[in-house]
Amino acid sequence: VKLKPTLKCILSFVAYYSGIEFLLVKLLPLNAAAIIMYHGVCEHSKLPPEVDFHLTPEDFERQLRFLTRRYRAVRLSELLAKLRTGARLNKEVVLTFDDGYRNNLTCAAPILARHHSPFSVFITTDYIGSDEWLPLNQLYGLWSAGKIPANEVVQLRNQLRTRSRQEASELICRLGAGVRAAQLPDDDSFAMLSWEQVKELARQGGEIGSHTQTHCCMTAEPANRRRDELEGSKEAIEARLGNAVTLFAYPYGKTPYIDPAFGLLVRECGYQCAITTEQGLVTPRSDPFRLPRMGYHKSIYMFAGEMLRFHLRTMWNQAFVTTIPGSSI
Ligand SMILES: [Zn+2]
């Protein structure tokens, strides 16, 4: 049972450090693009190690160097334009950041600028400019302050992710969420962007999209609340930035939290695409309202191995697997 991950690890290590991986990625064609999912970059993450979604600046810079040597970094809207016209894709990479953490501006943006990489940030609008953290981060903050034992974090996290916004905030209250930004003034793990900082990111070339108003579990909310989350967040960003907002990232973006009806509602509310947390590369056949993304490994050779695996798999599928119209594989 342990062999497979070990084998994957060895193969990735050899492929990366021998240079084979680089050659294959450079030489093999690929009619696909990768949207990479990040959350934030900070020096000393306060997140529990098993759920830590922040990278250190050194790891992030290593990833950017890795990605930009192999792929062409583009804006999400550029990729979308290609999908719309049915143009051939050619190893584009799109860098996305979910939630709207302050460290996107203070820590990630300078590194992105050094590598001339465009990026997109998906913000949870009700938390922008507030010193309140996202509900899940309040839980992680409590863990970090030693107020919740590690073995309870995963179970509580699952409860928070699946309950309505109202129930989730009641649960947080019961846990005694007194741990707020005010008590961890130097912490850069959980603090959210202000609207001024969102504008600064946009000035630096970042595309700003919506990640709902409250990062709630949308399937647990009634229909009118779901619509409010989509329209309200879009309007809030448009009012501040003065340009149309057409990009959306699903919170908790995989089945069963997203489905075709959700995609339809996103489209109805005026968005032009939606990105998920489902693993995969974008191909010309991808549904713009269900675009898959690639997660990253903190280890660069594992990340390289995973990207190569999806590269080869996509080539194989495009060459040998044909879809009969009306059927789905
Ligand atoms: Zn999120």
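Residues numbered from 1 in each chain as written. Predicted model: local features only at pLDDT ≥ 70, side-chain atom pairs only at ≥ 80, totals over all residues. Heavy atoms only, no water.

Draft legend 1. Geometry of the side chain of Ser 210. Along the chain, Ser 210 falls in strand 7 (residues 206-210). A distance of 2.7 Å separates polar atoms of two side chains, one belonging to Ser 210 and the other to Ser 233. Apart from the residues lying within four places of it in its own chain, the contact partners of Ser 210 are Phe 122, Ile 123, Ser 233, Ile 237, Val 245, Leu 247, Phe 248, Ala 249 and Tyr 271. (Helix = DSSP H or I, 4+ residues; strand = E, 2+ residues; numbered from the N terminus. Polar contact = N/O pair within 3.5 Å; in protein donor to acceptor, adjacent residues only side chain to side chain. Contact = heavy atoms within 4.5 Å.)

Draft legend 2. Seen up close, the environment of Val 74. Tracing the chain through its elements places Val 74 in the loop between strand 4 (72-73) and helix 4 (76-85). Overall, Val 74 belongs to the buried group, its relative accessible area being 2%. Between the C-alpha atom of Val 74 and that of Ile 36, which follows or precedes it by 38 residues, the distance is 12 Å. Excluding residues that lie within four positions of it along the chain, Val 74 makes contacts with Leu 79, Glu 92, Val 93, Val 94 and Pro 118. (Buried < 20%, exposed > 50% of the residue type's maximum accessible area, 1.4 Å probe, protein only.)

Draft legend 3. Spotlight on the coordination of the zinc ion. The coordination sphere of the zinc ion contains the protein donors Asp 99 (OD), His 211 (NE2) and His 215 (NE2), at a distance range of 2.1 to 2.2 Å. Read in sequence order, the donor residues coordinating the zinc ion give the pattern D-x111-H-x3-H. Placement of the pair is Asp 99 in strand 5 (residues 92-99) and His 215 in the loop between strand 7 and helix 10 (223-241), with a sequence separation of 116 residues. Each member of the pair, Asp 99 together with His 215, is buried. (Donors = N, O, S within 2.8 Å, 3.2 Å for Na, K, Ca; no water.)

Draft legend 4. Fine view of empty space enclosed by the protein. Going through the model one piece at a time under the given rule, you end up with 1 cavity of 30 Å³ or more. Surrounding the largest cavity, Leu 30, Ala 32, Ala 33, Ala 34, Tyr 71, Lys 91, Glu 92, Leu 281, Met 307 and His 311 form its lining. Of all elements in the fold, only strand 1 (33-38) and helix 12 (300-320) reach the threshold of two or more residues within the lining of the largest cavity. Of the residues in the lining of the largest cavity, the class split is 7 nonpolar, 1 polar and 2 charged. (1 Å grid on protein atoms, 1.4 Å probe; cavity = no way out; pocket = protein on both sides within 12 Å on 5 of 7 lines; lining within 4 Å. Points joined across faces, edges and corners; volume = space filled by probe spheres on them. Nonpolar A, V, L, I, M, F, W, Y, C, P; charged D, E, K, R; others polar.)

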